[in-house]
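Coordinates in review
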Amino acid sequence: SGAMYRAITWQVLERGAKTNPNTMVSVIVQTDETFDPGQRKFLQFLKKSDISPTRQLDLVNGVAMTVPAKWLKKLDDLKGLTITPDAPVHVDGYSSNQLWPYAVGLANRWSGWNAPAPASVPTIAVVDSGIEPGRGDFGNRLLAQVNFSTLPDNSAGDGRGHGTFVAGIAAGGADGYTGGTPQAKLVSLDVMDDHGVARTSDVIAACQWILANKDKYNIRIANFSLHSANPSNFIRDPLDRAV
């Protein structure tokens, strides 16, 4: 239930606050859209505490922010707020060989009479560690690359390799490494650093960008080969809500 999820995530934050009260912690604060007093009190708290949110997350009616751990109890006392860790999100994936497209019946749509025309194929947004630019696998089908990572160790392009791997499975066009739909265009939304880690708020920011730009790029598919490091409930969790 939502109440159980809230209890679990609060226990995670509370334990850290008791152990290291002066440690700065990254959290996502969602405000209840139906509880206006809670929003007003939250804004008053921010002003009084001289805290500026690090990122606005309008998609989930919240903000990402960094606060001293000892202040978490003050936030939790404000009704109408849901406080969750801005938890690490790690890459997820699987391996395969070139037999798989034939096994699942995709290969017969790579070329020939029933292959989709490039103009009719929707764009795939890959929310991952980036896509290495200039690869022959993708030709000129990589339409945009946007960096959302707020972590320091994030190289340009794809410093991890996972996003390029995922994009290749979905839409690679190289001989011997052909993906599911090699006609598809791609958009790279880089949320992962070179260690394969992102902040939850980075991924939510990528979700916001997809919604804002889906018509411009004809994005109809979004791939999130990621998993959160925190227990989640799809009703309360900001990442689930954004997706």
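Up top you'll find the structure we're talking about.
Read on for a plain summary of the structure. (Residues numbered from 1 in each chain as written. Predicted model: local features only at pLDDT ≥ 70, side-chain atom pairs only at ≥ 80, totals over all residues. Heavy atoms only, no water.)

**Describing the side chain of Asp202**
Our working definition: Counting from the N terminus, the helices are the DSSP runs of H or I reaching at least four residues and the strands are the DSSP runs of E reaching at least two. Each residue is placed in one exposure class: buried if its accessible area under a 1.4 Å probe, protein chains only, is under 20% of its type's maximum, exposed if it is over 50%, and partly exposed if it falls in between. N or O atoms closer than or at 3.5 Å make up a polar contact, with two conditions inside protein: a donor-capable atom paired with an acceptor-capable one, and, for residues adjacent in sequence, both atoms drawn from side chains. Note on definitions: a residue-residue contact is assigned when non-hydrogen atoms from the two residues lie within 4.5 Å.
Inspection of the secondary structure puts Asp202 in helix H6 (residues 200-217). For Asp202, a relative accessible area of 0% corresponds to the buried category. Looking at Asp202, its side chain comes within polar contact range of the side chain of Thr150, at 2.9 Å. Beyond its immediate stretch of four places on either side in the chain, Asp202 contacts Arg55, Phe148, Ser149, Thr150 and Val191.

**Side note on the sheet that holds strand E4 (residues 81-85)**
This is how the line gets drawn: Paired strands are those between which DSSP finds at least two bridges. Note on geometry: axes are lines fitted to C-alpha atoms, helical ones only across the stretch in contact, with angles between N-to-C directions running from 0 to 180 degrees.
Sheet architecture is open: 4 strands sit in the order E2-E3-E1-E4, paired in antiparallel fashion. Every interior strand has two partners, whereas the edge strands, strand E2 (55-57) and E4, have only one. Taken over all neighbouring pairs, the strand axes of this sheet differ in orientation by 35° on average, direction set aside. Looking at chain direction, strand E1 (residues 24-31) and E4 are connected through 5 bridges and run antiparallel. Residue Val27 lies in a different strand from E4, and its bridge partner there is Pro85. Across the sheet, H6 is in contact with E1, E2, strand E3 (62-68) and E4; its angle to E2 comes to roughly 60°.

**Regarding the pairing of E3**
Among the 7 residues in E3, 6 count as buried, and that is most of the element. Two elements, E1 and E3, share 7 bridges in a ladder whose sense is antiparallel. The residue bridging Ser26 from the neighbouring strand is Thr66, located in E3. Note that E2 and E3 share 3 bridges and pair antiparallel. Bridge pairing links Gln56 to Val63 in E3. From the end of E2 to the start of E3, which pair antiparallel, there are 4 residues, and Asn61 there has a positive phi angle of about 55°.

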